[in-house]
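# A closer look at the structure
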Amino acid sequence: MNAHKEEKLKNTLEAVPPGFMVDSGWLERHEVSRFLARKYVDRGWLERVTRGVFLRPAPGTGKPDTIEWKTCLLSIQHIMGYDAHVGGMTALAQQGYSHYLPLGENAPVWVYGEDIPNWLARLPLNAPLETRTTPLFSDPALGLTKDDSDTSSTLPWDWQLRMSSPERAILEVMDELPGHESFHNLDMVFESLTTLRPRTLSALLHSCRKIKVTRLFFVFADRHNHPWRKRIDPQEFNLGSGDRALVKGGRIHPRYRIMVPEEFAITEAADGA
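Presented here is a report on the structure given in the accompanying data block. (Residues numbered from 1 in each chain as written. Predicted model: local features only at pLDDT ≥ 70, side-chain atom pairs only at ≥ 80, totals over all residues. Heavy atoms only, no water.)

### Re the packing of aromatic side chains
Taken as a whole and judged by the stated rule, the model has 14 aromatic pairs. Where Phe 217 meets Trp 228, the ring centres are 5.8 Å apart and the plane angle is 25 degrees; that geometry is what we call stacked. A residue pair is termed long-range when its members are at least 10 positions apart, and Phe 217 in helix α9 (residues 211–224) and Trp 228 in the loop between α9 and β9 (251–252) qualify at 11 residues. Plain terms: the ring middles of Phe 218 and Tyr 256 are 5.9 Å apart, the flat faces sit at 25 degrees to each other, and that makes the pair stacked. In this pair, Phe 218 is assigned in helix α9 and Tyr 256 in the loop between β9 and β10 (259–260), connecting sequence segments 38 residues apart. Accessibility classification places Phe 218 together with Tyr 256 in one group, the buried group. Here the aromatic cluster, defined as three or more aromatic residues joined through ring pairs, consists of Phe 183, Phe 190, Phe 217, Phe 218, Phe 220, Trp 228, Phe 237, Tyr 256 and Phe 264. Seen from the ring of Phe 264, Arg 223 lies directly overhead, with NZ or CZ sitting 4.3 Å from the centre. (Phe/Tyr/Trp six-rings, centres within 6.5 Å; stacked < 30°, edge-to-face > 60°. Helix = DSSP H or I, 4+ residues; strand = E, 2+ residues; numbered from the N terminus. Buried < 20%, exposed > 50% of the residue type's maximum accessible area, 1.4 Å probe, protein only. Lys NZ or Arg CZ within 6 Å of the ring centre and 35° of its normal.)

Laid out in structure tokens, this is it:
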């Protein structure tokens, strides 16, 4: 191997920690051709995970049967530079709101972004993925944060998962009702959201592109009446006009005019009417 190729290999291995991944697009941007990538695979410096995706093996280990989903997302965010983040119920679970969430091997990992690579669905991850590429907010970066809950990380750099803040994540979950999330699960989680930030919520609600989500948010906010609720006025936001159907056999909420299960349509105003 000549000096130029050795420099390419050195740069590749320095940028990719053992156990992490890159795709062919990243390799080509770093002047590693497909031919040279095959040579790296043949010599054991890289392992092919699926077509166009490569893993740098850890010393003394064989090819893993499954890949940790966090390792995959960290590779996508911090090495390859894709604009994708963990959101929805997964982000809430990562930030301590997991008591009523479905956990275990069958719990999906929710990934959001307009720049999600199509090969992601082909990877042998240790959890199923649910991806959303249509932006819910007009400002796609609003309400994103980093996961600083794992202080035991063995990464060589200070990498953290980019994910939705609780304020953004709960609105992303609202968007999954009723097809991919249940009112009961969301109700249990919402009960624990006592410390949401009104200013962040207000910015997200103004940026939200779906009337359904904004109306549902206030249905749950009125139902639980956390201290932050009094600092957010529904009249400041676009709630649209007319009734909205959401579930069959439900009831139109008397204030927010969206069809929800009957127990969620009962309000103090309705009871006193």
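Once the structure has been displayed, the description carries forward.
### Brief notes about the pattern of salt bridges
Within the structure shown, the criterion is met by 12 salt bridges. The residue Glu 130 makes a salt bridge to Arg 132 at a minimum N-O spacing of 3.7 Å. Asp 222 is paired through a salt bridge with Arg 229; the nearest N and O atoms lie 2.6 Å apart. The partly exposed category is assigned to Asp 222, whose relative accessible area is 24%. (Salt bridge = Lys/Arg side-chain N within 4 Å of Asp/Glu carboxyl O.)

### Thoughts on a positive patch on the surface
Taken together, the side chains of Lys 5, Arg 38, Lys 39, Arg 43, Arg 48 and Lys 63 define a basic patch exposed on the protein surface. With respect to the helices, strands and loops of the structure, Arg 43 is situated in the loop between α3 (34–42) and β2 (47–50). (Patch = residues over 30% accessible without salt bridge, like charges linked within 9 Å, V, L, I, M, F, W, Y side chains within 5 Å. Areas by Shrake-Rupley, 256 points an atom, 1.4 Å probe, with all protein chains shown as cover. Lys, Arg positive; Asp, Glu negative; His and termini not counted. Charge placed at Lys NZ, Arg CZ, Asp CG, Glu CD.)

### Digging into helix α4 (residues 69–79)
With nine of 11 residues buried, α4 lies mostly within the body of the structure. Listed in full, the buried residues belonging to α4 are Trp 69, Thr 71, Cys 72, Leu 73, Leu 74, Ser 75, Ile 76, Gln 77 and Ile 79. Looking at the residues trailing α4, positive phi occurs at Gly 81, about 80 degrees.

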